[in-house]
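Working through the structure, step by step
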Amino acid sequence: MIRLDGVGLTYGSGKTVTEALRGLSFSVPEGGFRWLLGPSGAGKTSLLRLLQLAARPTAGRLSVFEADIGRTPRAALPLLRRRIGMVFQDFRLLAHLSAFDNVALPLRIAGRPEGQVRADVTEMLRWVGLSRRSDARPAELSGGQQQRAAIARAVVCRPGLLLADEPTGNLDDTQAERLMLLLKEMNRLGATVLVATHNAALVARHPARALRLDRGRLVADE
């Protein structure tokens, strides 16, 4: 599913170059679950940007879905991105859209028939416990409800790869636990899942293999 061989990522040019990642080599099999750990500035978000195909490596080789991302034509990347779900810490819901329409957005962008959109979104909102809040806009939802809507949007297209960047950072312990159960259920259903977090208690409650970064380097794969 995912393979990195000596991957590096730099931002900027000339005297303003910042080396965000260097020499990363690891793999994650299809259907795997990985914690992504490390202090602030370790490179977790930069790595997720690469895996989301929002950036290309500036060194080494990155393969996702057996595609060499460095050599994949730019025009082919949107199709690959549709197989990837992303959950952001700050939710990134569109304020002017209802919960239903936020979740429906990826399906509509993909050109799915409206009947299928309605059926899939209704089922996904039921799955995350938001059936009764489908018409509410983000400002009318609690933090936990917004996060569940963001997860529903990320998984409504049944992604093969699900990435989450500090998804519990704005949630209390009860909401964080519910979120983890949703992510683990997606993993049980076959999605490959990577979750970046600082929440050591959450990691302890849900033991799994972890990738640990420090200053842009992989220091542990355990």
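Residues numbered from 1 in each chain as written. Predicted model: local features only at pLDDT ≥ 70, side-chain atom pairs only at ≥ 80, totals over all residues. Heavy atoms only, no water.

A count of helices and strands for the protein gives 7 helices and 10 strands. Across the 222 residues that make up the protein, the buried fraction comes to 49%. Of the contacts made within the protein by residues no fewer than 6 positions apart, 69% connect residues no fewer than 24 positions apart. (Helix = DSSP H or I, 4+ residues; strand = E, 2+ residues; numbered from the N terminus. Buried < 20%, exposed > 50% of the residue type's maximum accessible area, 1.4 Å probe, protein only. Contact = heavy atoms within 4.5 Å.)

Okay, the side chain of Gln146 next. Along the polypeptide, Gln146 turns up in helix 5 (residues 143-155). The exposure class of Gln146 is buried, given its relative accessible area of 17%. Among the polar contacts listed, one links the side chain of Gln146 to the backbone oxygen of Leu141, at a separation of 3.2 Å. With residues near it in sequence (within four places) discarded, Gln146 still touches Phe91, Leu93, Pro138 and Leu141. (Polar contact = N/O pair within 3.5 Å; in protein donor to acceptor, adjacent residues only side chain to side chain.)

What follows deals with the pattern of salt bridges. Scanning all chains against the criterion turns up 11 salt bridges. Two residues, Asp101 and Arg108, come together in a salt bridge whose shortest N-O distance is 2.9 Å. When its relative accessible area of 24% is taken as the criterion, Asp101 is described as partly exposed. Across the pair Arg205 and Glu177 runs a salt bridge, and its minimum N-O distance is 3.0 Å. In this pair, Arg205 is assigned in helix 7 (residues 200-205) and Glu177 in helix 6 (residues 173-188), connecting sequence segments 28 residues apart. The partly exposed category is assigned to Arg205, whose relative accessible area is 41%. When its relative accessible area of 23% is taken as the criterion, Glu177 is described as partly exposed. Members of the salt-bridge network, linked through shared partners, are Arg61, Asp68 and Arg71. (Salt bridge = Lys/Arg side-chain N within 4 Å of Asp/Glu carboxyl O.)

The next thing to look at is helix 3 (residues 99-109). Each α-helix winds once per 3.6 residues, and so residues spaced three or four apart point in a common direction. Every buried residue belonging to helix 3 is among Ala99, Phe100, Asn102, Val103, Ala104 and Leu107, and all of these are buried. The secondary structure elements touched by the buried residues of helix 3 are helix 4 (114-127) and helix 5. Two residues or fewer past helix 3, Gly111 is found with a positive phi of approximately 80 degrees.

A word on the packing of aromatic side chains. Considering all chains together, one arrives at 1 aromatic pair under this definition. Look at Phe33 and Trp35: their rings are 5.4 Å apart centre to centre, the planes differ by 80 degrees, and that puts the pair in the edge-to-face class. Just above the ring of Phe65 sits the side chain of Arg83; from NZ or CZ to the centre is 3.9 Å. (Phe/Tyr/Trp six-rings, centres within 6.5 Å; stacked < 30°, edge-to-face > 60°. Lys NZ or Arg CZ within 6 Å of the ring centre and 35° of its normal.)

What follows deals with helix 1 (residues 44-51). Counting buried positions along helix 1 yields 6 of 8 residues, so the element is predominantly enclosed. Within helix 1 the residues assigned to the buried category are Lys44, Ser46, Leu47, Leu48, Leu50 and Leu51.

This part covers the sheet that holds strand 3 (residues 33-37). Pairing between the strands of a sheet is mediated by backbone hydrogen bonds and can be parallel or antiparallel. If you walk across this open sheet you meet the 6 strands as 6-7-8-3-9-10, and the pairing is mixed. Either end of the sheet is taken by a strand with one partner, and the two such strands are strand 6 (84-87) and strand 10 (217-221). Strand-to-strand, the axes of this sheet are offset by a mean angle of 20 degrees, without reference to chain direction. Contacts between helix 1 and the sheet are confined to strand 3, strand 6, strand 7 (161-165), strand 8 (192-196) and strand 9 (210-214), with strand 7 contributing the most and set at about 155 degrees to the helix. (Pairing = 2+ DSSP bridges. Axes fitted to C-alpha atoms, helices over the stretch in contact; angles between N-to-C directions.)

Before going further, it helps to examine the packing of helix 5 against helix 6. Packed helix pairs are specified by the crossing angle of their axes together with the interaxial distance, meaning the distance between the axes. Put simply, helix 5 and helix 6 touch, their axes get as near as 10 Å, and they point 10 degrees apart. Comparing the axis directions of helix 5 and helix 6 gives the class roughly parallel. Side by side, helix 5 and helix 6 meet where Gly144, Gln147, Arg148, Ile151 and Val155 of the first sit next to Gln175, Arg178, Leu179, Leu182 and Met186 of the second. (Parallel < 35°, antiparallel > 145°, perpendicular 65-115°, else oblique.)

Here the focus is the sheet that holds strand 4 (residues 59-64). Read across the open sheet, the 4 strands follow the order 2-1-4-5; overall the sheet is antiparallel. Either end of the sheet is taken by a strand with one partner, and the two such strands are strand 2 (18-28) and strand 5 (67-68). As defined by bridge partners, strand 4 adjoins strand 5 across 2 bridges and the pair is classed as antiparallel. Paired with Val64 across the strands is Ala67, a residue of strand 5. Sheet strands in contact with helix 1 are strand 1 (2-11), strand 2 and strand 4, and its direction is about 115 degrees off that of strand 1.

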